[in-house]
Each structure stands twice: as structure tokens, then as C-alpha cells.
Amino acid sequence: MQLVSSQAKSINSSFKAEPITLSIIVAAYNEAEMLPLFHYELSKVLATLPNENIEILYINDGSEDQTWQVMQQLPAHHATIELINLSRNFGKEAAMTAGLDLAKGQSAILLDADLQDPPELIPQMLATWREGADVVNMKRKERLGESSLKKLSAHLYYRLLAQLSDVKIEKDVGDFRLLSRRVIDEIKNLPERNRYMKGIMAWPGFKQTVITFDRPERAAGETKWSFIQLVQLGLSGITSFSVRPLRIATWLGILVSASAFIFSLFVFIKALLLGDPVAGYPSLMLVQLWLGGVQLMAIGLLGEYVGRIFTETKQRPVYLVMENLSKKAQKAGIMHG
Ligand code: UDP
Ligand code: MG
């Protein structure tokens, strides 16, 4: 019986395309300088996995340089290459969403194009997936070549996010992860337009594991994020996965009102007993400025959430694909067979 079924399988597979075990998703924005080196390093690692059927998805996120042309020159030595050209720059979160939507693998790994997510870790991630993990979170031990201000703010931000968010978002884990097919399918079902991928990838849950690694410096080119973009991404992370900041604003309001009430009693009684000499300019200014600041912040916070509702109700697609090219793998095994 066993023999027959395994024979049937092999006959089947010669007619049908072999299932893809792994999709490697790489979002690239203005990475013309970086891509050939990245592809070379990635191919070296894939050469050590000759028995895996792998596809690489390169997503050109509306680059202004030669990224798209460079992509088309990349050789498909050890994996099929899928090239996806978005119609403009939609941002990394949208580009990764496109990658997950189009990935055909039983698992997928998201990699940055700048070699900050070392491809050498792919075999270990695959092994962890084979042991039953659904999400392999790659946790950064050391961030090499980043300013201490960025390190500190990232450290504080990940902790704040973990405190505030309703989903357990693993600390110091970027977008570098492996996801299993069932997690990818759940993520594809999430309809939201504000796509904070670190939260979205944590949301489905399932079996989560962590591998730690030292994050190297960007190999060439420079970071694509400005300080303001990082702050926006950070805010998006918090507001997409928690309404707790709104509740904090409410509690702050209650606290301030209660203290104001006690203070007004104090002022009233003092005026009754001691009269009311005009004084207290500094304290008045202090209270006024502080309250004004808190109020503006609370309104701004409300605005963040209202803005998010606004983008969600418009229901616009997260990205648009302009071109889609495919290069079959030139694997030795496939060519001879
Ligand atoms: N990226 C993208 N779209 C953007 C900005 C960045 O696809 O609008 C890609 C970029 O090409 C790289 C990855 O996202 O592959 C990470 O970007 P970067 O290295 O600049 O971020 P950092 O490592 O500094 O956080
Ligand atoms: Mg980088």
C-alpha cells in the first residue's frame, strides 16, 4: 500500500508543480546599489539548501533609482525569482503586505535588502519551522552601527509598545521573521489599511518562537527612514494595536480635575480667611501652560484615532501592482531532471 501511494505521489509531482516550501520576501526602495550584493549573499545560502523548493519575491516599492532594472538582471540560480513592481512608493509595510499576498510558499521569511537581516540564518529558521513553529521571531541582541540615541529610543519604544498593546508583541523583533502558511492566511484576512506589520504578524498568535541574533550594519546605501517617519511608524504601532492611550487620557483628565477641585477649595478657604492679595503669577502660568499642553496632546491623540478611522473607511487598496515578472529557477536538479 505504502509503495503504491508513494509511487502515485511521484507520478503526480511530475505533472504538477512541486510545492514551494519557502518564499523569501524582500521589499526594496532605492536599493539598486545594494541588491546585487544582497542577491549574491542570499544565493550563497540557498545553494546550501539544494533540496528545498524556494521562491524569492523582490518587491520594488516605487524606487526612484535603477532598482527595477537591477532586479531584472538578477540570476535565478537556486530559486525561482518573482519580481513585483508597485505602481509607486507605498511604504515598507504595504510592500511586505504585497509580498505576503503573492507568496506561494508553505512558509515565508521577510528580509531587508540591506543585509541587516543575515540570510545565513535562513536554514536555522527553516529548521525551527519544521519543528512546528508558526512564527519564528528574530530578536536583536546587539544593533551594530546604530547611534546610541536610536538604540535607546528603540529600546524604550519596544517596551512602551509591549506595555500598551493588547497583542503580545515580542520586544526587539523587527520585520525579520518566518511565518507559516496558516499564519500568512490569517494575516491575509486582516482587512485593515493601517498596516503596522510588527503588530499584524504577532496578532494571529499560534506557536511563536524566538531566535536571537546580532543585527549587523547596513552593508551599503543609507537608511530609508527619516526621524519623522520613525515617529509616525511608532505612533501607528501604538494606535493600531491599543486604545489604552485614550484611556490614559481619560484617567489623566480625572486626576487633573480632582486635584483642581481640591486646590480650588484650598484657594477659596484661604481667600476667606486671609483675604485675596493679587499674587501667584508663576503658579497661574504653570497651571495654564501645563493644562494647555495636556489638552492639546489629548486632542492630538484623539485625532490620531479619528484619522485611522478615516483611512479605514475609505477602504482603498494597500498597494497597486504595476508589473509582475517571473524567472524560473535554474537549479541543477531541475535542469537535468
Ligand atoms: N523599504 C521599502 N519601502 C520604503 C522604505 C524602505 O520597501 O518606503 C525597504 C528598504 O529597501 C529595506 C527595508 O525596507 O529593504 C528596510 O529599510 P531600511 O534599511 O532603510 O530601514 P532600517 O534598517 O534603517 O530600519
Ligand atoms: Mg536597514
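Here, every reference points to the structure presented above.
Residues numbered from 1 in each chain as written. Chains lettered and ligands numbered in written order. Predicted model: local features only at pLDDT ≥ 70, side-chain atom pairs only at ≥ 80, totals over all residues. Heavy atoms only, no water.

Novice: Whenever I open this one, the overall build of the protein confuses me. Can you help?
Specialist: The helix and strand tally for the protein stands at 12 helices and eight strands. Against the globule reference of 20 Å for 337 residues, the protein gives a C-alpha radius of gyration of 26 Å, more extended than a compact globule. Projected onto its principal axes, the C-alpha coordinates of the protein cover approximately 100 × 50 × 40 Å. When the 337 residues of the protein are sorted by exposure, 42% land in the buried category. Taking contacts inside the protein between residues at least 6 apart in sequence as the whole, the part at least 24 apart equals 84%. In the structure as shown, the protein presents an accessible area of about 19,100 Å², 63% of it carried by carbon and sulfur atoms. (Helix = DSSP H or I, 4+ residues; strand = E, 2+ residues; numbered from the N terminus. Rg over C-alpha atoms; globule rule 2.2 N^0.38 Å. Buried < 20%, exposed > 50% of the residue type's maximum accessible area, 1.4 Å probe, protein only. Contact = heavy atoms within 4.5 Å. Areas by Shrake-Rupley, 256 points an atom, 1.4 Å probe, with all protein chains shown as cover.)

Novice: Would you mind going over the nonpolar core with me for this structure?
Specialist: The nonpolar side chains of soluble globular proteins are, as a tendency, buried together. Counting residues in hydrophobic clusters, the biggest one holds 40 residues, and the most contacted among them are Ile24, Phe38, Leu42, Tyr58, Leu111 and Ile122. A total of five residues in this core trace back to one element, the largest contributor, which is helix α2 (residues 35-47). Leu100, Leu110, Val135 and Tyr196 belong to the second largest nonpolar core, which has 36 residues in total. (Core = buried A, V, L, I, M, F, W, Y, C linked by side-chain atoms within 4.5 Å.)

Novice: How should I be thinking about the site of ligand 1 in this particular structure?
Specialist: Among the 18 residues in the neighbourhood of ligand 1, the closest are listed as Glu31, Asp61, Gln116, Thr223 and Lys224. One of the side-chain N or O atoms of Glu31 is found 2.6 Å from an oxygen atom in ligand 1. In the model, a nitrogen atom of ligand 1 is placed 2.6 Å from a nitrogen or oxygen of the Asp61 side chain. In the complex, 91% of the free accessible area of ligand 1, which totals 530 Å², lies under the protein chains. Residue classes in the shell around ligand 1 are distributed as five nonpolar, four polar and nine charged. (Near = heavy atom within 4 Å. Polar contact = N/O pair within 3.5 Å; in protein donor to acceptor, adjacent residues only side chain to side chain. Nonpolar A, V, L, I, M, F, W, Y, C, P; charged D, E, K, R; others polar.)

Novice: I tried to follow the environment of Ile262 on my own but got confused; where do I start?
Specialist: Within the secondary structure layout, Ile262 lies in helix α10 (residues 244-274). Given a relative accessible area of 57%, Ile262 falls into the exposed group. Sequence separation of Ile262 and Ile248 is 14 residues, and the distance between their C-alpha atoms is 21 Å.

Novice: Got a minute to help me understand the coordination of the magnesium ion (ligand 2) in this structure?
Specialist: Metal coordination angles have textbook ideals: 109.5 degrees for a tetrahedral set of four donors and 90 or 180 degrees for an octahedral set of six. Within the protein, the magnesium ion (ligand 2) binds to Asp114 (OD) and Gln116 (OE1); these donor distances fall in the range 1.9 Å. Summarising the burial analysis for this pair, Asp114 and Gln116 share the class buried. (Donors = N, O, S within 2.8 Å, 3.2 Å for Na, K, Ca; no water.)

Novice: Help me out: how do you make sense of unusual backbone geometry in this one?
Specialist: What is expected of a backbone is that most residues other than glycine have negative phi and most peptide bonds are trans. Even without glycine at this site, Leu115 takes up a positive phi of about 65°. A positive phi is found at Phe206, a non-glycine position, where the angle reads about 60°. Secondary-structure assignment places Phe206 in the loop between α8 (197-202) and β7 (208-215). Overall, the relative accessible area of 38% leaves Phe206 in the partly exposed class.

Novice: Before we go on, may I ask you to explain the sheet that holds strand β2 (residues 54-60) in this structure?
Specialist: Within a sheet, each strand pairs with its neighbour through backbone hydrogen bonds, oriented either parallel or antiparallel. Pairing within the open sheet is mixed, and its eight strands lie in the order β7-β5-β6-β4-β1-β2-β3-β8. On the outer flanks of this sheet lie β7 and β8 (321-327), each paired with one strand and no other. Ignoring which end each strand starts from, the neighbouring axes of this sheet average 20° apart. Summarising the sheet, strand β5 (residues 135-143) and strand β6 (residues 173-180) pair through four bridges and their orientation is antiparallel. Residue pairing in the sheet places Lys139 in a bridge with Val173 of β6. On top of the sheet, helix α5 (residues 122-130) reaches β1 (22-28), β4 (107-112), β5, β6 and β7; it is set at about 50° to β6, its chief contact. On top of the sheet, helix α6 (residues 148-164) reaches β5 and β6; it is set at about 140° to β5, its chief contact. (Pairing = 2+ DSSP bridges. Axes fitted to C-alpha atoms, helices over the stretch in contact; angles between N-to-C directions.)

Novice: What am I meant to see in a nonpolar patch on the surface here?
Specialist: Nonpolar side chains collect at one region of the surface, where Phe261, Ile262, Leu265, Phe268, Ile269, Leu272, Leu273 and Leu274 lie side by side and expose about 940 Å² of accessible area between them. Mapping Leu274 onto the fold places it in helix α10. Accessibility expressed as a relative area gives 65% for Leu274, which makes it exposed. (Patch = residues over 30% accessible without salt bridge, like charges linked within 9 Å, V, L, I, M, F, W, Y side chains within 5 Å. Salt bridge = Lys/Arg side-chain N within 4 Å of Asp/Glu carboxyl O.)

Novice: Please explain helix α4 (residues 92-102) as it appears in this structure.
Specialist: Note that an α-helix has 3.6 residues per turn; residues three or four places apart therefore point the same way. Counting buried residues in α4 gives nine out of 11 residues, a clear majority hidden from the surface. All of the buried residues in α4 are Lys92, Glu93, Ala94, Ala95, Met96, Thr97, Ala98, Gly99 and Leu100.

Novice: Where do I start with the pairing of β5 in this structure?
Specialist: The side chains of a regular strand alternate, first on one face of the sheet and then on the other. Note that β5 and β7 share seven bridges and pair parallel. Each residue of the ladder has a partner; that of Met138, found in β7, is Ile211.

Novice: In this structure, what is going on with the packing of aromatic side chains? I would like to understand it.
Specialist: The description of an aromatic ring pair uses the distance of the two centres, along with the angle that the planes make with each other. Taken as a whole, this structure holds four aromatic pairs when the rule is applied. Taking the centre distance of 6.2 Å and the plane angle of 80° together, the rings of Phe38 and Tyr58 count as edge-to-face. With Phe38 in helix α2 and Tyr58 in strand β2, the pair connects residues that are 20 residues apart, well separated along the chain. The residues Phe38 and Tyr58 share a single accessibility class, namely buried. Measuring from centroid to centroid gives 6.0 Å for Tyr157 and Tyr158, while their planes differ by 55°, and the two rings are tilted. It is Arg88 that lies over the ring of Phe90; its NZ or CZ is 3.9 Å from the centre. (Phe/Tyr/Trp six-rings, centres within 6.5 Å; stacked < 30°, edge-to-face > 60°. Lys NZ or Arg CZ within 6 Å of the ring centre and 35° of its normal.)

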